[in-house]
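Residue-level structure breakdown
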Amino acid sequence: MEVALNWYLALGALLFTIGTLGVLFKRNAIVLLMSIELMLNAVNLTLVAFSQFMGDADGQILVLFSIAVAAAEAAVGLAIVIAIFRGKSTVDITEINLFKH
Amino acid sequence: MASPFLFFLLAALAIVASIGMLVARSPVSSALWLVLTMFSLSGIYLTLNATFIGVIQILVYAGAIMVLFLFVIMLLNLSALPQLGDLDGTKILGFILGVAILAQLLYVLALGFDLPIAPVTPAMAAEGGDAGTLGKALFTRYALHLEIAGILLLAATIGAVMLAQRRFQ
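What counts and what doesn't
- Residues numbered from 1 in each chain as written.
- Chains lettered and ligands numbered in written order.
- Predicted model: local features only at pLDDT ≥ 70, side-chain atom pairs only at ≥ 80, totals over all residues.
- Heavy atoms only, no water.
- Helix = DSSP H or I, 4+ residues; strand = E, 2+ residues; numbered from the N terminus.
- Rg over C-alpha atoms; globule rule 2.2 N^0.38 Å.
- Buried < 20%, exposed > 50% of the residue type's maximum accessible area, 1.4 Å probe, protein only.
- Contact = heavy atoms within 4.5 Å.
- Areas by Shrake-Rupley, 256 points an atom, 1.4 Å probe, with all protein chains shown as cover.
- Lys, Arg positive; Asp, Glu negative; His and termini not counted.
- Charge placed at Lys NZ, Arg CZ, Asp CG, Glu CD.
- Core = buried A, V, L, I, M, F, W, Y, C linked by side-chain atoms within 4.5 Å.
- Axes fitted to C-alpha atoms, helices over the stretch in contact; angles between N-to-C directions.
- Parallel < 35°, antiparallel > 145°, perpendicular 65-115°, else oblique.
- Nonpolar A, V, L, I, M, F, W, Y, C, P; charged D, E, K, R; others polar.

**Observations concerning the overall build of chain A**
In terms of regular secondary structure, chain A is built from 3 helices and 0 strands. In chain A, the succession of α and β elements from N to C terminus is α-α-α. By the compact-globule yardstick of 13 Å for 101 residues, chain A is too spread out, its C-alpha radius of gyration being 17 Å. Referenced to the eigenvectors of the C-alpha coordinate spread, the extents of chain A come out at roughly 55 × 25 × 20 Å. Evaluated residue by residue, chain A yields a buried proportion of 60% over its 101 residues. Looking at chain A alone, contacts between residues at least 24 apart form 53% of all its contacts between residues at least 6 apart. If you sum the accessible surface of chain A, you get close to 3,700 Å²; carbon and sulfur atoms cover 69% of it. Charge separation in chain A, taken as the distance between the mean sites of 5 positive and 7 negative side-chain charges, equals 23 Å.

The following block contains the structure:
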């Protein structure tokens, strides 16, 4: 017996939702970025599952580019967090309000 | 494509680890839970016969990105912020929103779709996830895209160094 495509997609949906909840609930900017990484991973899983079940390698090429973009996003995001921490000494997103004033 | 037992074990591990990331108090334990999620996802890629993506997942996500996160946590010397504490209206609204997204996604899955799924044999699937197949496509048809991704990574590196030196008031 083989695992059906729907199980992979359901796992992707579940992980995406957990990532969304992390973005909505967490106050630490670093954990927020980690939740975004989890959401990207869930989408990657969906892409790889479709690619393998439909016999088309292009989906996996897209996943490779998505991983490259995720790496760039993590680097820039963490640099912004460091820059904010140097000025405000906090990574609490409820206290970061640069655009408010 | 693989034994169902292995898939469900890894899927349960991934879900438990990501929930662990959600409820962990300190950012370090959140990061370590996320590393476990990355590893089980890599195993799931292997059950899909996507061997190259599975290895890249460990190398890039668990190896590079999560180490970057842990380094930043270490540099900033953070204390655990109070989180998931007081249950105010925003939190309840957020939870309802998350459950609504999940229900929507699972509803679409339960409807079932009419995709022309090709009958892929295990040998074809193993070839599709092979480094040789992906590399051939990446360096011929997608060569320009690969160059652009390289420039993006260079720009991100320079941008990250420039940003980390700055000080926002």
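The rest of the description comes next.
**Points about the overall build of chain B**
In terms of regular secondary structure, chain B is built from 7 helices and 0 strands. Listed by position from the N terminus, the elements making up chain B come as α-α-α-α-α-α-α. Classification of the 169 residues of chain B by burial places 36% in the buried group. Taking as baseline every contact in chain B between residues at least 6 positions apart, the subset at least 24 positions apart corresponds to 62%. Total accessible area computed for chain B in this model is approximately 9,700 Å², and 75% of it derives from carbon and sulfur atoms.

**Looking at the environment of I82 of chain A**
You can see I82 of chain A is positioned in helix 3 (residues 58-88). By relative accessible area, I82 of chain A is classed as buried at 16%. Each C-alpha atom, one on I82 of chain A and one on I30 of chain A, is 9.8 Å from the other, the two residues being 52 residues apart in sequence. Apart from the residues within four sequence positions on either side, I82 of chain A is in contact with V72, L76 and A164 of chain B.

**Focus on the nonpolar core**
Judged by nonpolar contacts, the single largest core of 63 residues is most densely connected at Y8, I30 and M34 of chain A together with I44 and F69 of chain B. Here Y8 of chain A is in contact with V3, L45, A49 and F53 of chain A together with F7, I44, T47 and L48 of chain B, once residues within four sequence places are set aside.

**What to know about the packing of helix 2 (residues 29-54) of chain A against helix 3 of chain A**
Residues and elements named next belong to chain A. Two numbers describe how helix 2 lies on helix 3: the axes approach to 9 Å, and their chain directions differ by 175°. Considering their axes alone, helix 2 and helix 3 lie roughly antiparallel with respect to each other. Here A29, I30, L33, I36, E37, L40, N44, L47, V48, S51 and Q52 of helix 2 come into contact with helix 3, specifically with G59, Q60, L62, V63, S66, I67, A70, E73, A74, G77, L78 and V81. A class-by-class count of the residues in the contact of helix 2 with helix 3 yields 14 nonpolar, 7 polar and 2 charged.

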